[in-house]
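# Overview (structure and organization)
One-letter residues, chain by chain:
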Amino acid sequence: MSKEISQAVIRRMPRYYRYLGELLDDGVERISSNELSSRMKVTASQIRQDLNNFGGFGQQGYGYNVKYLYEEIGKIMGLNEQHNIIVIGAGNLGQALANYMKFEKLGFVIVGLFDVDPALCGKSIRGNRIEMVDRLAEFVHTHKVDIAALTMPKENADAVANQLVELGVHAIWNFAHVDLDLLDRDVVVENVHLSDSLMQLSYNIVQSKDKRKA
């Protein structure tokens, strides 16, 4: 797709996909932007603007065909393809990701887990045997790997990320507590800072308490 889409729009697309999936489960065949607006608490104008970035999909006086729009958004986000993921760092968070079955329903399949702790070597998580990191290069060379999830200490994250890029992995899902320095590399990085989300929640709790006191 040649048109540059803003990150704000892209961040909203999974939410559209989720709501449309719920509508499908409820047997809804078509929906107007106003009805979708009421459900999602997003203005109808915003919905139309967002979807017009990708072609619109709606018909005047009819609205949106829910199944068609759901499938088209899935294609836009690449969910019509399988994405193989390896997890580097098989501690609590890494194992939790490997155990989360909903990823597979969206086409994201965990195909390998790696760690540096010999005590974890050979342990199986949903059919994936935990390997030592020194076998990472061999694995990537012999398997199709689309995404690497880093759930490891920040001290080693940059080195491992650069190794992955050298091995030909072009997408990194980074849970390490550091923003990776990969600006000059041919790689897509999604930094996930769980503590940031908690801090935002904490701020909103404080604001809510202040409003109740006022």
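Structure: above.
Just so you know, these numbers come straight off a predicted model, no measurement behind them.

## Considering the nonpolar core
Core analysis: the largest hydrophobic core is formed by 22 residues, its most contacted members being Ile86, Ile88, Leu136, Leu150, Leu164 and Ile172. Of all elements in the fold, only β3 (83–88), α7 (136–142), β7 (147–150) and α8 (154–167) reach the threshold of two or more residues within this core. Per-element accounting of this core gives the leading share, six residues, to α8. Leave out the neighbours within four places in its chain, and isoleucine 86 touches Val111, Gly112, Phe114, Leu136, Phe139, Val140, Val145, Ile147, Ala148, Ala149 and Leu164. Listed in part, the 21 residues of the second largest apolar core include Val9, Tyr16, Tyr17 and Leu36.

## Quick word on the layout of surface pockets
Estimated volume of the largest pocket: approximately 1900 Å³. Around the largest pocket, the lining comprises 38 residues; the ones closest to its centre are Ile10, Pro14, Met77, Leu79 and Phe108. Broken down by secondary-structure element, the contributors of at least two residues to the lining of the largest pocket are α1 (7–25), α4 (66–76), β3, α6 (102–105), β8 (171–174) and β9 (188–191). Per element, the largest residue contribution to the lining of the largest pocket is 11 residues, and it comes from α1. Of the residues belonging to the lining of the largest pocket, the class tally is 22 nonpolar, six polar and 10 charged.

## Brief notes about α8
The first and last C-alpha atoms of α8 sit 20 Å apart over 14 residues, in line with the 20 Å expected at 1.5 Å per residue. Against the buried residues of α8 lie β3, α7, β7 and β8. The first or second residue beyond α8 is glycine 168, which carries a positive phi of 100°.

Rules used in this analysis
- Residues numbered from 1 in each chain as written.
- Predicted model: local features only at pLDDT ≥ 70, side-chain atom pairs only at ≥ 80, totals over all residues.
- Heavy atoms only, no water.
- Core = buried A, V, L, I, M, F, W, Y, C linked by side-chain atoms within 4.5 Å.
- Buried < 20%, exposed > 50% of the residue type's maximum accessible area, 1.4 Å probe, protein only.
- Helix = DSSP H or I, 4+ residues; strand = E, 2+ residues; numbered from the N terminus.
- Contact = heavy atoms within 4.5 Å.
- 1 Å grid on protein atoms, 1.4 Å probe; cavity = no way out; pocket = protein on both sides within 12 Å on 5 of 7 lines; lining within 4 Å.
- Points joined across faces, edges and corners; volume = space filled by probe spheres on them.
- Nonpolar A, V, L, I, M, F, W, Y, C, P; charged D, E, K, R; others polar.
- Expected span 1.5 Å × (residues − 1).

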